[in-house]
Every structure is written in structure tokens, then in C-alpha cells.
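Listed below, chain by chain, are the residues.
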Amino acid sequence: MKFLICQIPLHLNSKPFKIANIDEHIAVKRKCVEYAMTTRCDVIIFPEYTYDPSEKEYMLDKSSELAIFAGSYQDAENYNQTIVFVGGNYFQQAKKHTSPYEKTIPNQFSVKPSEADLSYYDLKNKNCFILTCFDYFELAREKSRQLLGNGEFIDILISPCCNNNPEMFIKEAEAIHSHRDNLTSIICNVSRFKKDSGEYNTFGKSAVFGLYDKNSIANIKENGWHVSYCENMIAGFPEGDFVCEIDLQIPYHMHRMGCLEFSANPIHLDFKSLGEL
């Protein structure tokens, strides 16, 4: 399954959270979508708070060819709703665990945690959970062990984030993946974040976790796309405004130790700056 993971900048106004530079922002997202379609990706992932309802018709149209995890937005009832477009259909899921920052906004604009149960998605015949930002930190261990009614486990966890402490999520992902084979996690954070009239601050550190083949990890380490203490990291993003085009086998069934034959995972991995698209 081929993904385009988009580590893009975000400028939000607060009270409530709403994208400030909407025309420029949507132009960046559309450039990413068009690139994903040109390179025949199956799935595109955007970070938390990068969705605006004005994108709905465009995303619905493109989702006939591409599964789109379009980011999230603060709705009229102050829920942080993550939006997914798949096969011409529209889904939303409210975040259950709000961040400390979301709780500091004055009461009338404070983001409310959802009490609804999270449901899994059929993503290209793979079992997928969306765990937006702090939902990954709080729920990934539980969901990664969840056995579905058909006797299968979750195959993939997708986490759109807007977080200035991504190291915390990387450490959590490393711990989770040390205990679960054949699970893939994709953490998609914003590259830079600006609130109201402040300055942009560097966020980044998006990452992919899961099983990899022995040749691929050598290449990943050689290119610096790896954190030394994270043996379960397939790829870590460079700092800046980047997309990662990555073709993954989900689930990946590793061969026995010492086997001379193995299947590649990832099949393809390439980083591009937004300016190159």
C-alpha cells in the first residue's frame, strides 16, 4: 500500500481554532493531493487541524481514486473532528483525549473530548484505527492489541498530530512496536506551527513504525532517516516542509532469522520538499 505522508506548515487562529491563511493552505494541500494521484498513491495523510470544511467537495471528488485522511478541525460544537474521505464517502471521528493546550483555551472555545467509542476503518482491506494526536499516546497500546470480531488484529494505526513534543509519541510508538509484530503506525505531524500573529515554531518529526527488511534499514540509516534508539522505526522525517512517499507491505510477515530470501519492506521510500512537488 502506497502512502503520501504530508508534513506541512500550519497557521491557526485561536478562539476557536481555524486556519488563518486558508487560500495558501488549501493550495498546498491540493498540490499534495495532485502529486499523490500522479504517483499513484493509495492513501494520503495530513496532520491534525489542517482541514477546513470548504475542502469537502474537492476531497470527495478525489477520494474516488485516493483515500484521504484530510486532517481535523474544530467544529461548531467544539469537538476536534478528524475527517476521512474514502471511495466517494465521508467519515468523521471526534478526538477522545484532548491535549493540555486544547484545554487552556477559554471555556466557550475549549475543545471537548468525545465520549463516543472509536471505530476501525476498512482501508484497502486492512483494519485501520485513527488515533488523533493524544489519542495515539493514550490508546495505541490498547488498540494495537485489539482483536476484531473476525479474529484479526488491527493492521495499521494512523495518527494525525499537531504537537510540539513529538519525541513523546516516538518513544510511545517504539514501546508499542516492541511488543506487536505485523503492526504499522504512521504519525503525521505539522512541520511548523504558528498561532494567531505569533512566529512559526518548528514541530515536525513525523515517523513510520513497523517491521522492515534487513536491506532497507541499512539504506534508511545511511540516509539519516532513523532515530538511533528506535529499532522499530521504518522512517523518521527530516526537519522542514516535506512529504514522504512510502510503499509498505501491510501486514509485513517477516521471515525466520537466517533465511536467505526475504520480501522488501518498505518497497519504496522517498522524501521530497513541498517546493519539489
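Definitions and limits used
Each residue is numbered by its place in its chain's sequence as written, counting from 1. For this predicted model, a pLDDT threshold of at least 70 governs which residues receive local features, and a threshold of 80 or more governs which side-chain atom pairs are given and counted, while totals over whole chains, interfaces and linings are taken from all residues. Calculated side-chain values reflect all of the structure's heavy atoms, with hydrogen atoms and water omitted. Numbering goes from the N terminus for both helices and strands, where a helix is a DSSP run of H or I of at least four residues and a strand is a run of E of at least two. To get the radius of gyration, use the C-alpha atoms; to get the globule rule, take the number of residues to the power 0.38 and multiply by 2.2 Å. In this scheme, a residue with accessible area under 20% of its type's maximum is buried, one over 50% is exposed, and one in between is partly exposed, where area comes from a 1.4 Å probe on protein chains only. Contacts are assigned to residue pairs with any non-hydrogen atoms lying within 4.5 Å of each other. For two strands to pair, DSSP has to find at least two bridges joining them. Note on method: axes are straight lines fitted to C-alpha atoms, helices fitted across the in-contact stretch only, with angles between N-to-C directions ranging 0 to 180 degrees. For classification purposes, an angle smaller than 35 degrees is called roughly parallel, one larger than 145 roughly antiparallel, one from 65 to 115 roughly perpendicular, and anything else oblique. Only Asp, Glu, Lys and Arg are considered charged, only Ala, Val, Leu, Ile, Met, Phe, Trp, Tyr, Cys and Pro nonpolar, and every remaining residue, Gly among them, polar. Cysteine sulfur atoms are paired as a disulfide whenever they fall within 2.5 Å.

Describing the overall build of the protein
Right, on to step 1. Each helix and strand in the protein was counted, giving six helices and 17 strands.
Right, on to step 2. Relative to its length of 277 residues, the protein is compact, with a C-alpha radius of gyration of 18 Å against a globular reference of 19 Å.
Right, on to step 3. Each of the three principal axes of the protein carries a C-alpha extent, and together these read 60 × 40 × 35 Å.
Right, on to step 4. Considering the protein as a whole, with its 277 residues, one finds that 55% of them fall into the buried category.
Right, on to step 5. Taking contacts inside the protein between residues at least 6 apart in sequence as the whole, the part at least 24 apart equals 68%.

With respect to the sheet that holds strand 4 (residues 43-45)
Right, on to step 1. Strand order in the open sheet formed by seven strands is 7-6-5-4-1-16-17, with mixed pairing between adjacent strands. Each end of this open sheet is capped by a strand with a single partner; those strands are strand 7 (89-94) and strand 17 (268-273). Between one strand axis and the next, the sheet turns through 20 degrees on average, direction left out of account.
Right, on to step 2. Of the strand pairs in this sheet, strand 4 and strand 5 (residues 67-74) are connected by three bridges, and their pairing is parallel. Each bridged residue has a counterpart across the sheet, and for Ile45 the counterpart in strand 5 is Phe69.
Right, on to step 3. Packing of helix 1 (residues 22-38) onto the sheet brings it into contact with strand 1 (2-7), strand 4, strand 5, strand 16 (242-247) and strand 17, and relative to strand 1 it is tilted by some 160 degrees.

What to know about unusual backbone geometry
Right, on to step 1. Here the residue pair Ile250 and Pro251 is connected by a cis peptide bond, since its omega of -10 degrees sits within 30 degrees of zero.
Right, on to step 2. Here Pro251 is to be found in the loop between strand 16 and strand 17.
Right, on to step 3. With omega at 0 degrees, the peptide bond leading from Asn265 into Pro266 counts as cis.
Right, on to step 4. With respect to the helices and strands, the residue Pro266 is situated in the loop between strand 16 and strand 17.
Right, on to step 5. Despite not being glycine, Asn78 has its phi angle at roughly 70 degrees, a positive value.
Right, on to step 6. On the secondary structure map, Asn78 appears in the loop between strand 5 and strand 6 (80-86).
Right, on to step 7. A positive phi angle, near 60 degrees, is found at Asn182, a position not held by glycine.

Focus on the packing of helix 4 (residues 134-144) against helix 5 (residues 166-177)
Right, on to step 1. Remark: helix 4 packs on helix 5, axes separated minimally by 10 Å, with the N-to-C direction vectors making an angle of 0 degrees. As summarised for this structure, helix 4 and helix 5 are arranged roughly parallel, according to the angle between their axes. Contacts between helix 4 and helix 5 involve Phe134, Tyr136, Phe137, Ala140, Arg141 and Ser144 on the former and, on the latter, Met168, Phe169, Glu172, Ala173, Ala175, Ile176 and His177.
Right, on to step 2. Split into classes, the residues belonging to the contact of helix 4 with helix 5 amount to nine nonpolar, two polar and two charged.

Observations concerning the state of the cysteines
Right, on to step 1. According to the stated counting rule, one finds zero disulfides in the structure shown.
Right, on to step 2. No disulfide involves Cys41; its nearest neighbouring cysteine sulfur is the one of Cys6, lying 8.7 Å away.
Right, on to step 3. This cysteine, Cys162, is not joined by any disulfide, and Cys133 carries the nearest cysteine sulfur, 7.1 Å off.

Brief notes about the sheet that holds strand 13 (residues 201-202)
Right, on to step 1. Spatially, 3-2-12-13 is the arrangement adopted by the four strands of the open sheet, whose pairing is mixed. Edge strands, defined here as strands with exactly one partner in the open sheet, are strand 3 (18-19) and strand 13.

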